[in-house]
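Architecture and fold: a report
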Amino acid sequence: MQIEMKIRGLMMDPVTNMPIVILRDLEGNSVLPIWVGVYEANAIALEIEKVTTPRPMTHDLIKNLLMGLGGGVRKVVVSDLQDDTFYAMIWVERNGEMIAIDSRPSDALAVALRLDCPIYVEDEVLSSSKNVAAVSEKANSEELRRWLENLGDEDLGQYKM
(Lines give C-alpha, C1' and ligand atoms only; values in the text may rest on other atoms or scores of the structure.)
Protein backbone atom coordinates (compact mmCIF):
# COMPACT_ATOMS: atom_id res chain seq x y z
CA MET A 1 0.00 0.00 0.00
CA GLN A 2 1.17 3.52 -0.75
CA ILE A 3 0.83 6.37 1.72
CA GLU A 4 0.52 9.89 0.36
CA MET A 5 3.04 12.28 1.86
CA LYS A 6 4.03 15.90 1.50
CA ILE A 7 7.41 17.54 1.76
CA ARG A 8 7.22 19.02 5.24
CA GLY A 9 10.57 20.72 5.20
CA LEU A 10 14.19 20.73 4.23
CA MET A 11 16.84 21.00 6.91
CA MET A 12 20.38 20.12 7.87
CA ASP A 13 21.11 16.97 9.86
CA PRO A 14 22.72 18.22 13.08
CA VAL A 15 24.84 15.05 13.30
CA THR A 16 26.17 14.66 9.74
CA ASN A 17 25.62 18.21 8.48
CA MET A 18 23.91 16.77 5.38
CA PRO A 19 20.57 18.02 4.00
CA ILE A 20 17.44 16.06 4.91
CA VAL A 21 14.10 16.21 3.14
CA ILE A 22 11.35 15.59 5.67
CA LEU A 23 8.27 13.80 4.33
CA ARG A 24 5.16 13.58 6.50
CA ASP A 25 1.92 11.75 5.78
CA LEU A 26 -1.26 13.80 5.40
CA GLU A 27 -2.52 12.84 8.87
CA GLY A 28 0.80 13.74 10.48
CA ASN A 29 1.34 10.23 11.91
CA SER A 30 4.46 9.22 9.99
CA VAL A 31 7.64 11.09 9.22
CA LEU A 32 10.26 9.89 6.75
CA PRO A 33 13.62 11.66 6.64
CA ILE A 34 15.56 11.21 3.40
CA TRP A 35 19.16 12.37 3.33
CA VAL A 36 20.06 14.01 0.02
CA GLY A 37 23.08 15.65 -1.52
CA VAL A 38 23.73 19.37 -1.33
CA TYR A 39 22.96 19.98 -5.02
CA GLU A 40 19.75 17.99 -4.86
CA ALA A 41 18.69 19.88 -1.73
CA ASN A 42 19.37 23.13 -3.55
CA ALA A 43 17.14 22.04 -6.45
CA ILE A 44 14.35 21.22 -4.01
CA ALA A 45 14.84 24.46 -2.05
CA LEU A 46 14.70 26.56 -5.23
CA GLU A 47 11.29 25.13 -6.06
CA ILE A 48 9.99 25.35 -2.48
CA GLU A 49 10.92 29.02 -2.44
CA LYS A 50 9.67 29.52 -6.03
CA VAL A 51 12.99 30.99 -7.15
CA THR A 52 13.27 31.36 -10.89
CA THR A 53 16.63 30.88 -12.53
CA PRO A 54 17.77 32.59 -15.73
CA ARG A 55 18.15 29.21 -17.47
CA PRO A 56 16.38 25.91 -16.79
CA MET A 57 17.91 23.75 -14.09
CA THR A 58 18.05 19.97 -14.64
CA HIS A 59 14.66 19.28 -13.05
CA ASP A 60 13.11 22.13 -15.03
CA LEU A 61 14.56 20.52 -18.15
CA ILE A 62 13.00 17.17 -17.17
CA LYS A 63 9.65 18.91 -16.69
CA ASN A 64 9.97 20.65 -20.07
CA LEU A 65 10.92 17.39 -21.81
CA LEU A 66 8.01 15.48 -20.32
CA MET A 67 5.52 18.20 -21.18
CA GLY A 68 6.97 18.65 -24.68
CA LEU A 69 6.71 14.92 -25.38
CA GLY A 70 3.10 14.85 -24.26
CA GLY A 71 3.71 13.07 -20.98
CA GLY A 72 2.43 13.92 -17.57
CA VAL A 73 3.76 12.82 -14.21
CA ARG A 74 0.92 11.17 -12.28
CA LYS A 75 2.86 10.46 -9.10
CA VAL A 76 6.25 9.76 -7.61
CA VAL A 77 6.75 6.86 -5.23
CA VAL A 78 9.55 6.22 -2.75
CA SER A 79 9.42 2.53 -3.50
CA ASP A 80 12.22 0.74 -1.68
CA LEU A 81 14.89 0.94 0.99
CA GLN A 82 17.91 -1.33 0.60
CA ASP A 83 21.20 -1.07 2.49
CA ASP A 84 20.31 2.43 3.76
CA THR A 85 19.59 3.61 0.20
CA PHE A 86 16.14 4.82 -0.83
CA TYR A 87 14.75 4.12 -4.30
CA ALA A 88 11.98 5.92 -6.13
CA MET A 89 9.88 5.70 -9.25
CA ILE A 90 8.42 8.50 -11.34
CA TRP A 91 5.12 7.41 -12.91
CA VAL A 92 4.60 9.09 -16.29
CA GLU A 93 1.44 8.78 -18.34
CA ARG A 94 1.79 9.16 -22.09
CA ASN A 95 -0.91 8.33 -24.63
CA GLY A 96 -2.86 6.48 -21.94
CA GLU A 97 0.09 4.28 -21.01
CA MET A 98 1.72 4.40 -17.57
CA ILE A 99 5.51 4.24 -17.62
CA ALA A 100 7.59 3.74 -14.45
CA ILE A 101 10.96 5.49 -14.48
CA ASP A 102 13.64 4.59 -11.93
CA SER A 103 14.87 7.62 -10.02
CA ARG A 104 16.75 8.78 -6.99
CA PRO A 105 14.24 10.04 -4.43
CA SER A 106 15.76 13.51 -4.44
CA ASP A 107 15.25 13.82 -8.21
CA ALA A 108 11.73 12.38 -8.01
CA LEU A 109 10.83 14.86 -5.27
CA ALA A 110 12.29 17.80 -7.21
CA VAL A 111 10.26 16.79 -10.28
CA ALA A 112 7.11 16.26 -8.19
CA LEU A 113 7.41 19.78 -6.79
CA ARG A 114 7.80 21.28 -10.24
CA LEU A 115 4.83 19.38 -11.66
CA ASP A 116 2.68 19.57 -8.51
CA CYS A 117 2.03 15.85 -8.50
CA PRO A 118 1.40 13.60 -5.48
CA ILE A 119 4.22 11.97 -3.54
CA TYR A 120 3.73 8.48 -2.13
CA VAL A 121 5.82 6.16 0.02
CA GLU A 122 5.34 2.41 0.08
CA ASP A 123 4.29 1.35 3.58
CA GLU A 124 7.08 -1.27 3.56
CA VAL A 125 9.58 1.58 3.20
CA LEU A 126 8.11 3.35 6.22
CA SER A 127 8.21 0.11 8.22
CA SER A 128 11.75 -0.67 7.10
CA SER A 129 13.01 2.80 7.95
CA LYS A 130 11.52 2.50 11.45
CA ASN A 131 13.02 -0.98 11.88
CA VAL A 132 16.44 0.20 10.70
CA ALA A 133 16.32 3.06 13.20
CA ALA A 134 15.13 0.73 15.96
CA VAL A 135 17.93 -1.80 15.55
CA SER A 136 20.67 0.76 15.05
CA GLU A 137 23.28 0.60 17.76
CA LYS A 138 24.39 4.19 17.25
CA ALA A 139 23.36 6.59 19.99
CA ASN A 140 23.25 9.35 17.39
CA SER A 141 20.62 7.49 15.37
CA GLU A 142 18.36 7.15 18.41
CA GLU A 143 18.93 10.79 19.30
CA LEU A 144 18.24 11.87 15.71
CA ARG A 145 15.09 9.73 15.51
CA ARG A 146 13.70 11.35 18.69
CA TRP A 147 14.63 14.77 17.37
CA LEU A 148 12.86 14.12 14.03
CA GLU A 149 9.73 12.79 15.72
CA ASN A 150 9.46 15.90 17.89
CA LEU A 151 9.95 18.49 15.12
CA GLY A 152 7.60 21.42 15.29
CA ASP A 153 6.79 24.02 12.64
CA GLU A 154 9.29 26.45 14.14
CA ASP A 155 12.08 23.86 13.72
CA LEU A 156 11.63 23.64 9.95
CA GLY A 157 12.87 27.14 9.29
CA GLN A 158 12.44 28.89 5.98
CA TYR A 159 11.73 25.73 3.97
CA LYS A 160 8.56 24.56 5.74
CA MET A 161 5.57 23.89 3.51
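Residues numbered from 1 in each chain as written. Predicted model: local features only at pLDDT ≥ 70, side-chain atom pairs only at ≥ 80, totals over all residues. Heavy atoms only, no water.

**Here's the deal with the sheet that holds strand S3 (residues 31–35)**
Strands in a sheet are paired, the pairing made by backbone hydrogen bonds, and the direction either parallel or antiparallel. Worth spelling out the cut-off: In this description, strands pair whenever DSSP reports at least two bridges between them. Helix and strand definitions follow DSSP, with helices as H or I runs of at least four residues and strands as E runs of at least two, each counted in order from the N terminus. The axes used here are C-alpha line fits, helices contributing only the stretch in contact, and every angle between their N-to-C directions lies in the interval 0 to 180 degrees. Two residues qualify as a contact provided that any one of their heavy atoms is within 4.5 Å of a heavy atom in the partner residue.
Read across the open sheet, the 7 strands follow the order S3-S2-S1-S7-S4-S5-S6; overall the sheet is mixed. In the strand order of this sheet, the two ends are held by S3 and strand S6 (97–103), each with one partner. On average, each strand axis in the sheet is tilted by 35° relative to the strand beside it, whichever way the strands run. Bridge count for strand S2 (residues 19–25) against S3 is 5 bridges, and the pairing is antiparallel. Bridge pairing in S3 links Ile22 to Pro33. Across the face of the sheet, helix H3 (residues 105–115) comes into contact with strand S1 (2–12), S2, S3, strand S4 (71–82), strand S5 (85–94), S6 and strand S7 (119–122) while running at roughly 40° to S5.

**Thoughts on the packing of helix H2 (residues 58–68) against H3**
Formally: Throughout, the term roughly parallel applies to angles under 35 degrees, roughly antiparallel to angles over 145, roughly perpendicular to angles from 65 to 115, and oblique to all others. Handedness of each helix crossing follows the sense of rotation of the near helix against the far helix: counterclockwise by less than a right angle gives left-handed, clockwise gives right-handed.
The geometry of H2 relative to H3 is characterised by a closest axis approach of 9 Å and an angle of 60° between their N-to-C directions. With respect to H3, the element H2 is oriented oblique. The handedness of the crossing between H2 and H3 comes out as right-handed. When H2 is examined against H3, the residues His59, Asp60, Ile62, Lys63, Leu66 and Met67 are found in contact with a partner set consisting of Asp107, Ala110, Val111, Arg114 and Leu115.

**Some words on unusual backbone geometry**
Most peptide bonds adopt trans geometry, and most residues besides glycine take a negative phi value. Of note, Asp83 is a non-glycine position whose phi angle comes to about 50°, a positive value. The residue Asp83 is located in the loop between S4 and S5 in this model. Positive phi, normally seen in glycine, also occurs at Asp116, with a value near 50°. Position of Asp116 relative to the elements: it lies in the loop between H3 and S7.

**A look at the pairing of S6**
Relative to S6, S5 runs antiparallel, the two sharing 7 bridges. Residue pairing across strands places Glu93 opposite Met98, the latter belonging to S6. From the end of S5 to the start of S6, which pair antiparallel, there are 2 residues, and Asn95 there has a positive phi angle of about 55°.

**A look at the packing of aromatic side chains**
Operational definition: Only Phe, Tyr and Trp rings take part, Trp by its six-membered ring, and two of them pair if their centres are within 6.5 Å. Stacked means planes under 30 degrees apart, edge-to-face means over 60, and tilted covers everything else. Charge over a ring is defined by NZ of Lys or CZ of Arg lying within 6 Å of the ring centre and within 35 degrees of the ring normal.
Taken as a whole, this structure holds 0 aromatic pairs when the rule is applied. Looking at Lys75, its charged tip hangs above the ring of Trp91, at a distance of 5.8 Å from the centre.

**Some words on the pattern of salt bridges**
In plain terms, the rule: Salt bridge, as used here: a side-chain nitrogen of Lys or Arg that lies within 4 Å of a carboxyl oxygen of Asp or Glu. The cut-offs for exposure are 20% and 50% of the maximum accessible area for each residue type, with area from a 1.4 Å probe on protein chains only; residues under the lower value are buried, those over the upper are exposed, and the others partly exposed.
Applying the stated criterion across every chain yields a total of 6 salt bridges. A salt bridge links Arg104 to Glu40, with the nearest nitrogen and oxygen atoms 3.0 Å apart. With Arg104 in the loop between S6 and H3 and Glu40 in helix H1 (residues 38–48), this pair connects stretches of sequence that are 64 residues apart. Using a relative accessible area of 45% as the deciding quantity, one classes Arg104 as partly exposed. Through salt bridges with shared partners, a single ionic network connects Glu47, Lys50, Asp60 and Arg114.

**Regarding the environment of Leu113**
For Leu113, the location among the structural elements is in helix H3. Taking C-alpha positions, Leu113 is 7.6 Å from Ile44, a pair spaced 69 residues apart along the chain.

**Things to note about the nonpolar core**
For clarity, the cut-off: What makes a nonpolar core is a set of buried Ala, Val, Leu, Ile, Met, Phe, Trp, Tyr and Cys residues whose side-chain atoms join them at distances within 4.5 Å.
Among the nonpolar cores identified, the biggest contains 34 residues, and Leu23, Leu32 and Val73 are the most heavily contacted of them. Among the elements that make up this core, the one with the highest residue count is H3 (7 residues). Aside from chain neighbours lying at most four places away, what touches Val73 is Leu66, Ile90, Trp91, Val92, Val111, Leu115 and Cys117.

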